[in-house]
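# Observations on chain architecture
Residue-level listing of the chains:
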Amino acid sequence: MAPGGRGTTFKPDHRLVDVRLDEVTLVRRRPEVEHERAVAIFDLLEENRFRLNGARGPYVLHLSLEDARLVLDVRSEDGRPLHRFLLSTKPFRRIIKDYFMVCESYYGAIKSGASPSRIESIDMGRRGLHNEGGDLLVERLAGKIEIDHDTARRLFTLICVLHIRG
């Protein structure tokens, strides 16, 4: 499969119908983070392309962290376990760290009344890191789960949310 799901034909059942984050590992988050989480989940459920190789959808995805691993627990729409993937978070660390720093700059610029061009340039950097994180996720899931570019970006947002410490 080409990066971002290019070249993959997705059928109507190749989609997520629910996405859940592990609330046990989640901490109290700032309103900006909660907003990004809510928007990512809303957008994912509105439109996504997700296909678990060897299993029919639609799917429910449970995301969590265990030690230094990202857990993608894929289930059928009725809750039946289909496959549980464990991915090392090590390849994502630099991107997540950079993404957090750029997000801090972005929200700081908005709060301080920075110029629209300054806010836009910071946001461009944020989107670039988002793309990089999404592309890495597509690469790490290759051969297991096929997702399109927008789905990968939104899932990367949720992976970042899971990494927030109290």
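Note that this is a predicted model, so its numbers are computed, not measured.

## Regarding the sheet that holds strand β5 (residues 81-88)
- The four strands lie next to each other as β1-β3-β4-β5, forming an open sheet whose pairing is mixed. Each end of this open sheet is capped by a strand with a single partner; those strands are β1 (16-21) and β5. The sheet shows a mean angle of 20° between the axes of neighbouring strands, direction not considered.
- The sheet contact formed by β1 and strand β3 (residues 59-66) spans five bridges and is parallel. Within β3, the residue paired with R20 across the bridge is H62.

## Notes on the pattern of salt bridges
- Throughout the structure, instances matching the rule amount to ten salt bridges.
- Across the pair R75 and D73 runs a salt bridge whose closest N-O atoms are separated by 3.0 Å.
- R75 sits in the partly exposed class, given a relative accessible area of 23%.
- Given the relative accessible area of 12%, D73 is considered buried.
- Here R94 ties to E132 by a salt bridge, and the two come within 2.2 Å at their closest N and O atoms. Here R94, found in helix α2 (residues 93-112), pairs with E132, found in helix α3 (residues 116-141); they are 38 residues apart in sequence, far enough to count as distant.
- Residues participating in the shared-partner salt-bridge network are R94, D98 and E132.

## Here we look at the pairing of strand β4 (residues 69-76)
- Most of β4 is tucked away: six of the eight residues are buried.
- Alignment of β3 against β4, held across eight bridges, turns out to be antiparallel. Looking across to β4, one finds that E66 is bridged to R69.
- For β4 and β5, the ladder comprises seven bridges, and the chain directions are antiparallel. Across the sheet, V74 pairs through a bridge with H83, a residue of β5.

## With respect to unusual backbone geometry
- With an omega dihedral of 0°, the bond running from G57 to P58 counts as a cis peptide bond.
- Take P58: it is sitting in the loop between β2 (50-52) and β3.
- The phi torsion at D67 lies on the positive side, around 55°, for a residue other than glycine.
- Following the sequence through the fold, D67 ends up in the loop between β3 and β4.
- Owing to a relative accessible area of 75%, D67 belongs among the exposed residues under this scheme.

Calculation rules
Residues numbered from 1 in each chain as written. Predicted model: local features only at pLDDT ≥ 70, side-chain atom pairs only at ≥ 80, totals over all residues. Heavy atoms only, no water. Pairing = 2+ DSSP bridges. Helix = DSSP H or I, 4+ residues; strand = E, 2+ residues; numbered from the N terminus. Axes fitted to C-alpha atoms, helices over the stretch in contact; angles between N-to-C directions. Salt bridge = Lys/Arg side-chain N within 4 Å of Asp/Glu carboxyl O. Buried < 20%, exposed > 50% of the residue type's maximum accessible area, 1.4 Å probe, protein only.

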